[in-house]
Amino acid sequence: MTKGVLLYCFDTPQVSYSKITDRCISLIERNLGLPVTVVTDADTKLRIKSNCDTRVVDIEKGNTKFSKPWYNLERHLAFDHSPYDRTVVMDVDYFCYSDKILRLLESENDFLVHKNAHDVMHREVMRYDREAMLDLVWATVLIFNKTPRTRAIFDTVKLVKENYVHYCNLYRITYKNFRNDYAFAIALNQINGHKEYDVIPDSIATVPADAEILELDDNRAVIRCNDKTISLQDQDLHFLNKDVAYV
Amino acid sequence: MNIDQLKEISKQSYDASLQKANALKKAESDQILVYKNHIFRADAETICFVRTVSEGKDSFFMLDSNSNPVEIKEPVEFLKLLLQRNQSALNTYHQLYQNIKNRKA
């Protein structure tokens, strides 16, 4: 069975995702040792320096986050984009400082996702249970096999994406811009008969958007937020501050 | 002590508490163990359960972290892996905790 990581990377006028991708790939090579395929556009491909497999696509634009372009509309195609039997789809700003993902790949679960994330400043700001009528999942990391069931999950995400306003109303989702986290939460909820599904048992350590990133090494990150400086070592981190591209 | 000294102690305690909370979250992630294709947490509860139910038995049943049933056919091997993963995670947590304490002192 082939295993590998699939990344989506599209530079925007504001953020150099290609730089973040290069750092993400170097950590995958160091800590996971898995092959990487990057789905990207023709312009961004020229700026990716890592030695990796690339797949160039025409991207769908139009979505925004905080009034800035947000190119996040391709992930439902991961089933077709992935050349691997067992795939890890990962945000490029998720940095693998540990081998956790490698361990999870050994499980038999055909689809895995995190249901919990926490702010590394521990400010209790990452609860979304009052923002929708269903539990949020974090599409930051997806692990899946190519099976009829996972095909159904991705097809449902596509359906949700195409009818997002309807699903926002149905599940009373307050955040109206398309968000993969909700699209996958809805798809998993529906494909699993509105019952529980298997998840990754820990929580994603999230560096908040208002944290200043002071240092990034091969095994640790030093950040400052509200006059507090903390060092995080040998632990996977999800960076919400896209300045991570320029550290 | 004056108010500034008291505030400084409070600030140091907050910083230590934050570092400890992050180190504990890391330990929880480090305790994830996949055995025979199932996900487990190598925590004290799992270890105690496995040790108890495996006494004098060649195999037993338990639930993985998603409540899926698993038959454990090699309890000794499983317990050894759980202990290794648990102690590796807690050893790292212990080192981080000592660093936090030393910085506070």
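Note that the structure is a prediction, hence the values are computed from the model and not measured.

**Describing unusual backbone geometry**
Reasoning step 1: In this model, aspartate 227 of chain A sits at a positive phi of 65°, which is unusual for a non-glycine residue.
Reasoning step 2: Structurally, aspartate 227 of chain A is set in the loop between strand 12 (220–225) and strand 13 (228–233).
Reasoning step 3: Its relative accessible area of 68% is what places aspartate 227 of chain A among the exposed residues.
Reasoning step 4: We note that lysine 36 of chain B has phi near 50°; this positive angle belongs to a residue other than glycine.
Reasoning step 5: Along the chain, lysine 36 of chain B turns up in the loop between strand 1 (32–35) and strand 2 (38–41).
Reasoning step 6: For lysine 36 of chain B, a relative accessible area of 47% translates into the label partly exposed.

**Observations regarding the interface of chain B and chain A**
Reasoning step 1: On the chain A side, the residues contacting the 21 residues of chain B number 26 residues.
Reasoning step 2: Counting the surface lost from both chain B and chain A, the interface buries some 2,100 Å², and carbon and sulfur atoms represent 52% of this.
Reasoning step 3: In terms of surface lost to chain A, no three residues of chain B exceed Leu18, Asn22 and Ile32 of chain B, which account for 24% of the buried area on that side.
Reasoning step 4: Where chain B packs against chain A, one counts one salt bridge.
Reasoning step 5: Aspartate 15 of chain B serves as the salt-bridge partner of lysine 228 of chain A, at 3.3 Å between the closest nitrogen and oxygen.
Reasoning step 6: Where chain B touches chain A, the interface holds 13 residue pairs in polar contact (both at pLDDT 80 or more).

**Examining helix 1 (residues 3–30) of chain B**
All names here are of chain B.
Reasoning step 1: For helix 1, spanning 28 residues, the distance from its first C-alpha to its last is 40 Å, which sits close to the expected 40 Å at 1.5 Å a residue.
Reasoning step 2: Burial in helix 1 covers these residues: Ala16, Leu18, Gln19, Asn22, Ala23, Lys26, Ala27, Ser29 and Asp30.
Reasoning step 3: Backbone nitrogen of aspartate 4 and a side-chain oxygen of the N-cap are separated by 3.0 Å at the start of helix 1; the cap is asparagine 2.

**A short note on the sheet that holds strand 14 (residues 237–239) of chain A**
Backbone hydrogen bonds are what pair the strands of a sheet, in a parallel or an antiparallel way.
Residue and element names in this part refer to chain A.
Reasoning step 1: Taken in spatial order, the nine strands line up as 3-2-1-6-9-8-10-14-7 in an open sheet, and their pairing is mixed. Edge positions in the sheet fall to strand 3 (53–56) and strand 7 (94–95), since each of these pairs with one other strand and no more.
Reasoning step 2: Here strand 8 (residues 111–119) runs beside strand 9 (residues 138–145); their pairing, made up of four bridges, is antiparallel. Paired with histidine 114 across the two strands is tryptophan 138, which belongs to strand 9.

**A short note on the layout of surface pockets**
Residues and elements named next belong to chain A.
Reasoning step 1: Within this model, the second largest pocket holds a volume of roughly 490 Å³.
Reasoning step 2: Taken together, 19 residues make up the lining of the second largest pocket; nearest its centre are Lys115, Asn116, Ala117, Met126 and Arg127.
Reasoning step 3: Top element by residues in the lining of the second largest pocket is strand 8. It accounts for five residues.
Reasoning step 4: Classifying every residue of the lining of the second largest pocket gives eight nonpolar, four polar and seven charged.

**Description of the environment of lysine 57 of chain B**
Reasoning step 1: The topology assignment puts lysine 57 of chain B in the loop between helix 2 (44–54) and strand 3 (60–63).
Reasoning step 2: Note: C-alpha distance between lysine 57 of chain B and isoleucine 3 of chain B (54 residues apart in sequence) is 62 Å.

**Comments concerning a nonpolar patch on the surface**
All names here are of chain B.
Reasoning step 1: Taken together, Met1, Ile3, Leu6 and Ile9 make up a surface patch of nonpolar side chains, about 440 Å² in accessible area.
Reasoning step 2: Considering the arrangement of structural elements, one finds isoleucine 3 in helix 1.
Reasoning step 3: Accessibility expressed as a relative area gives 58% for isoleucine 3, which makes it exposed.

The rules behind the values
- Residues numbered from 1 in each chain as written.
- Chains lettered and ligands numbered in written order.
- Predicted model: local features only at pLDDT ≥ 70, side-chain atom pairs only at ≥ 80, totals over all residues.
- Heavy atoms only, no water.
- Helix = DSSP H or I, 4+ residues; strand = E, 2+ residues; numbered from the N terminus.
- Buried < 20%, exposed > 50% of the residue type's maximum accessible area, 1.4 Å probe, protein only.
- Contact = heavy atoms within 4.5 Å.
- Buried area = accessible area lost by both parts, 1.4 Å probe.
- Salt bridge = Lys/Arg side-chain N within 4 Å of Asp/Glu carboxyl O.
- Polar contact = N/O pair within 3.5 Å; in protein donor to acceptor, adjacent residues only side chain to side chain.
- Expected span 1.5 Å × (residues − 1).
- Pairing = 2+ DSSP bridges.
- 1 Å grid on protein atoms, 1.4 Å probe; cavity = no way out; pocket = protein on both sides within 12 Å on 5 of 7 lines; lining within 4 Å.
- Points joined across faces, edges and corners; volume = space filled by probe spheres on them.
- Nonpolar A, V, L, I, M, F, W, Y, C, P; charged D, E, K, R; others polar.
- Patch = residues over 30% accessible without salt bridge, like charges linked within 9 Å, V, L, I, M, F, W, Y side chains within 5 Å.
- Areas by Shrake-Rupley, 256 points an atom, 1.4 Å probe, with all protein chains shown as cover.

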